[in-house]
Number of protein chains: 2
Amino acid sequence: MNAEFLQKLIQPAHTKIAMLIMDGLGGLPREPGGLTELETAHTPNLDALAARSALGLTVPVAPGVTPGSGPGHLAIFGYDPIHYEIGRGALEALGADFELGPDDVAARGNFATVDLEGLLTDRRAGRLPTEVSRGLAERLRTIRLEGAECFVEPVKEHRFAFILRGAGLGDALSDSDPQQIGVAPLAVRALAPDSERTALLVNQFIAAAQELLAGAQPANTVMLRGFARFPTVPQFVERYGLHAAAIAVNGMYRGVARLAGMTVLDVPGGTIADEFAVLERHWSDFDFFYLHVKQTDTAGEKGDFDGKVRIIEEVDGFLPRLLALGPDVVIVSGDHSSPAVLRSHSWHPVPTLLYARHVRSDGIAQFGEAACARGSLGVLPAIHVMPLALANAGRVAKYGA
Amino acid sequence: MNAEFLQKLIQPAHTKIAMLIMDGLGGLPREPGGLTELETAHTPNLDALAARSALGLTVPVAPGVTPGSGPGHLAIFGYDPIHYEIGRGALEALGADFELGPDDVAARGNFATVDLEGLLTDRRAGRLPTEVSRGLAERLRTIRLEGAECFVEPVKEHRFAFILRGAGLGDALSDSDPQQIGVAPLAVRALAPDSERTALLVNQFIAAAQELLAGAQPANTVMLRGFARFPTVPQFVERYGLHAAAIAVNGMYRGVARLAGMTVLDVPGGTIADEFAVLERHWSDFDFFYLHVKQTDTAGEKGDFDGKVRIIEEVDGFLPRLLALGPDVVIVSGDHSSPAVLRSHSWHPVPTLLYARHVRSDGIAQFGEAACARGSLGVLPAIHVMPLALANAGRVAKYGA
């Protein structure tokens, strides 16, 4: 659906929508014909809610396409993830919980090792420990450039996020990482005229970093790749008329929510219980709540079937606290599937539940992949979930007379 | 989905995909509430495979649209059949097993009858026997034109394919067939400047044909219509990274497969058993196999319900030979429906089965229209089948991080 078309129909209402996203929720059975993680989990509260809900399977990006977390979240928030692309550098900065702004260009950085002739011997500097990386990042933070600020945010092991902030910067830049060893890191080149000054600044930074790190062990250089600005997307309040809050612990999800114009709430403690406590505390302050649970995906990516089951059961235990707040609309879904048997994200459609007073419920008292395959929402693009939620929240006016 | 978007995500893999297409597979019950041809057929092997597969109903072109074999096949191969149109003339040439090339313009030809004043008395020359038609075609093959080659391929009864081959030809040409009797055949006119020379050549051919056939009984003239080039479509190897083989007996299907860049294998003998033998012989040579069974459609178009049932049962008997090859992904579907009760192609969605190790199987141990309507693939555009097959074959990289 055309987003502008929907936007014209948006009307105000005193209703609240809660969107509970279990990251990588969709799964697969251990053996063909068996039960998935979600189907294995004992989820009396989700099942009871399912009985009063419409069920379906969402396709985040397109049939057969395995989404990264960025595209998966954009889709469930109602943004076409093929149109709104979040570059690798921007994602790295978000993941480091860096507040990217409109004047920023971000890149993914690696600490690396070169030999005496300047040729790469290790693109990851032996995956140096995060603590060591942190110290090196501190050194790089002393670098000053003319006409732009720069930020270095350690991520994990050899990885860091590099951000350049200033007016008139461009992100049409080639990588300095040659993606192979035995050759020298590349100079960053501008791929469009508006990025020429930026290329100069980035190369100055790299030169300064090499000077600072010369002789350091094992990392004596840096490489940068995936230069990207933070994309501009229509804000939730304009597009949907919703004052939205995000409750998420990890930087990446907080960042995507910020991109959509949500107020990102702090979660002291950072557990799932803490997230639900934040939801309760702020319930009267917003129209829309996005609550993100990361641990389902983490377990899926580790291949920990039982761990994923346990997290789903834990979330199920908190569901009554959400329902006790009296939301008008509840969405329970994921941003993509992460079956433990695949130990990775996958292309499989995602179990999705939509509850509201006037939803046409399927009467299927089970929340799982097979149950959702029988649901009346069918197999639907994930970007259709927000319009359905808005309609059920009384926030979409009639079209035509 | 945007095809260019998918193409960018294609990654190599050592996996094999088998696509078994029973032409006109979809059917209807003899009486409302009864079983379709596929549901009537005793298909223990397809049913067992269905239990381990995801099921759905594919819409080849668009809801309510009855596809010809060309569009139906383009769709199941993943090409938007509304965007890639195969003109009537090109189809006629393909059907005659003529290897159309990029310099060719083809038309559908009719032998016809005119009276002494040159007015049409029979547009089909009494549907003259194919053998007679063959003799007349031989005569027309003696015609020589300046600046272009021409080919005449008999098809059936009064029909033949006409192909003009040469540099710089155009296919923006009007028909010579006035579609009524009592008037003279029309001169072919160029509908665009780039086709003016082609119009001259075609009219020269028609004049020469009339001279050769003057006094012949009952066919003393020819009519040409549906001028069309062979469309250019992205090749399987570029679009999907697949080295593909086609196993089909009839010219039309061999031609569409050739259009998509498949290697078209010979099928000595031409029976269904021979097709499966070719599959086995070439299994190690390709990544993708399209195996086409024509007889289901032929039976459907004849109104032969029981005959269609028997063909489906015959194919079911060969399925274990396909499965014994160990394909990573199996698709069983049709290019459109051809219900025997309608004696024609129809708009009904087509039963489709997708098997792979990590497909989320529906556990429905039956392959039929009603079973597929309950499947987790839902009702899906046929062009989504290839992306799903590629994903299940590990050939689509993650989108975004």
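The text that follows walks through the structure, step by step, so that each part is easy to find.

Calculation notes
Residues numbered from 1 in each chain as written. Chains lettered and ligands numbered in written order. Predicted model: local features only at pLDDT ≥ 70, side-chain atom pairs only at ≥ 80, totals over all residues. Heavy atoms only, no water. Helix = DSSP H or I, 4+ residues; strand = E, 2+ residues; numbered from the N terminus. Pairing = 2+ DSSP bridges. Axes fitted to C-alpha atoms, helices over the stretch in contact; angles between N-to-C directions. Parallel < 35°, antiparallel > 145°, perpendicular 65-115°, else oblique. Contact = heavy atoms within 4.5 Å. Nonpolar A, V, L, I, M, F, W, Y, C, P; charged D, E, K, R; others polar. Buried area = accessible area lost by both parts, 1.4 Å probe. Salt bridge = Lys/Arg side-chain N within 4 Å of Asp/Glu carboxyl O. Left-handed = near helix turned anticlockwise from the far one by under 90°. Expected span 1.5 Å × (residues − 1). Buried < 20%, exposed > 50% of the residue type's maximum accessible area, 1.4 Å probe, protein only. Arc of directions from axis to C-beta. Core = buried A, V, L, I, M, F, W, Y, C linked by side-chain atoms within 4.5 Å. Patch = residues over 30% accessible without salt bridge, like charges linked within 9 Å, V, L, I, M, F, W, Y side chains within 5 Å. Areas by Shrake-Rupley, 256 points an atom, 1.4 Å probe, with all protein chains shown as cover. Least-squares fit on C-alpha atoms with pLDDT ≥ 70 in both. Phe/Tyr/Trp six-rings, centres within 6.5 Å; stacked < 30°, edge-to-face > 60°.

Comments concerning the environment of Ala167 of chain A
For Ala167 of chain A, the position within the fold is in the loop between β6 (159-165) and α7 (196-213). Along the backbone, Ala167 of chain A and Gln210 of chain A are 43 residues apart, and their C-alpha atoms lie at a distance of 26 Å.

Topic: the sheet that holds strand β1 (residues 17-22) of chain A
All names here are of chain A. On the basis of which strands lie adjacent, the open sheet formed by eight strands has the order β9-β8-β10-β1-β11-β12-β2-β13 and mixed pairing. Both outer strands of the open sheet, β9 (263-265) and β13 (378-381), are each paired with one neighbouring strand and no more. Along the sheet, successive strands turn relative to each other by an average axial angle of 25 degrees, direction set aside. In this structure, strand β8 (residues 244-247) lies alongside strand β10 (residues 288-293), joined through four bridges in parallel fashion.

A closer look at the packing of helix α3 (residues 44-51) of chain A against helix α12 (residues 305-324) of chain A
Residues and elements named next belong to chain A. At a minimum axis distance of 7 Å, the contact between α3 and α12 shows a crossing angle of 50 degrees. In this view, α3 runs oblique relative to α12, as classed from their interaxial angle. Of the residues in α12, those in contact with Pro44, Asn45, Leu46 and Leu49 of α3 are Asp316, Gly317, Leu319, Pro320 and Leu323. Residue classes in the contact of α3 with α12 are distributed as six nonpolar, two polar and one charged.

Remarks on the interface of chain A and chain B
Taken together, the contacts link 32 residues of chain A with 22 residues of chain B. The junction of chain A with chain B conceals about 2,000 Å² of combined surface from both sides, 65% of it contributed by carbon and sulfur atoms. Connecting chain A to chain B are zero salt bridges. Put simply, the parts of the chain that give the side of chain A that touches chain B at least two residues each are α4 (69-76), α5 (88-95) and α13 (369-373) of chain A.

Description of the packing of helix α4 (residues 69-76) of chain B against helix α9 (residues 251-259) of chain B
All names here are of chain B. The contact between α4 and α9 brings their axes to 10 Å, and the two run at 40 degrees. When the axis of α4 is compared with that of α9, the two are oblique. Here α4 runs over α9; the crossing is right-handed. Mapping the contact onto sequence places Ser69, Gly70, His73 and Leu74 in α4 and Met252, Tyr253, Val256 and Leu259 in α9. In terms of residue class, the contact of α4 with α9 is made up of five nonpolar, three polar and no charged.

Quick word on helix α7 (residues 196-213) of chain B
Residues and elements named next belong to chain B. With 18 residues, α7 extends 26 Å between its outermost C-alpha atoms, agreeing within 8% with the 26 Å of an ideal straight helix rising 1.5 Å per residue. Along α7, the positions that sit buried rather than exposed are Thr198, Ala199, Leu201, Val202, Phe205, Ile206, Ala209 and Leu213. Seen along its axis, α7 keeps its buried residues to an arc of 165 degrees; they face one direction. Those residues of α7 that are exposed and angled more than 90 degrees off the buried face are Leu200 and Glu211. Check the buried side of α7 and you find it contacts β3 (104-114), α6 (130-140), β5 (149-156), β6 (159-165) and β7 (221-229).

Regarding the nonpolar core
Ranked by internal contacts, the top residues of the largest apolar core, which has 64 residues, are Phe77, Phe236, Met262, Phe288 and Tyr290 of chain B. Once you skip the residues sitting within four places of it in the chain, Phe236 of chain B turns out to touch Phe77, Tyr79, Gly241, Leu242, Ala244, Ala260, Met262, Phe288 and Met386 of chain B. Membership of the second largest hydrophobic core comes to 53 residues, among which are Leu100, Tyr240, Leu242 and Phe288 of chain A.

A look at a nonpolar patch on the surface
On the surface, a cluster of nonpolar side chains totalling about 270 Å² of accessible area is made up of Val341, Leu342 and Trp347 of chain B. Tracing the backbone shows Trp347 of chain B in the loop between β11 (329-333) and β12 (350-356).

Comments concerning the pattern of salt bridges
Residue and element names in this part refer to chain A. All chains considered together, the criterion is met by 31 salt bridges over all chains. Residue Arg141 pairs with Glu153 through a salt bridge whose shortest N-O separation is 3.3 Å. Highlighted residues: Arg141 in the loop between α6 (130-140) and β5 (149-156) and Glu153 in strand β5, separated in sequence by twelve residues. With relative accessibility at 32%, the residue Arg141 sits in the partly exposed group.

Observations regarding the sheet that holds strand β13 (residues 378-381) of chain B
Residues and elements named next belong to chain B. With mixed pairing, eight strands are arranged side by side in an open sheet as β9-β8-β10-β1-β11-β12-β2-β13. Each end of this open sheet is capped by a strand with a single partner; those strands are β9 (263-265) and β13. Put simply, the sheet's adjacent strands are angled 25 degrees from each other on average, direction ignored. Contacting β1 (17-22), β10 (288-293) and β11, helix α12 (residues 305-324) crosses the sheet at an angle of about 170 degrees to β1.

Some details on the relation of the copies chain A and chain B
For these two chains of identical sequence, chain A goes onto chain B by a turn of 125 degrees and a shift of 0.2 Å along the axis, with RMSD 0.2 Å. As the rotation angle and translation indicate, the two copies are arranged about a three-fold axis.

Thoughts on the packing of aromatic side chains
According to the stated counting rule, one finds 26 aromatic pairs over all chains in the structure shown. Here the aromatic rings of Phe276 of chain A and Phe318 of chain A are separated by 5.1 Å at their centres, their planes lie at 20 degrees, and the arrangement is stacked. Remark: Phe318 of chain A occurs in helix α12 and Phe276 of chain A occurs in helix α10 (residues 272-282); sequence separation between them is 42 residues. We note that Phe276 of chain A, like Phe318 of chain A, is buried. Look at Phe162 of chain B and Phe205 of chain B: their rings are 4.3 Å apart centre to centre, the planes differ by 35 degrees, and that puts the pair in the tilted class.

What to know about the pairing of β11 of chain B
Regular strands show a simple pattern: their side chains alternate between the two faces of the sheet. Residue and element names in this part refer to chain B. With respect to burial, β11 is a largely interior element, five of its five residues being buried. Side-chain alternation along β11 places Val329, Ile331 and Ser333 on one buried face and Val330 and Val332 on a second face that is also buried. Note: β11 against β12, four bridges, orientation antiparallel. Directly across from Val329, in β12, lies its bridge partner Ala356.

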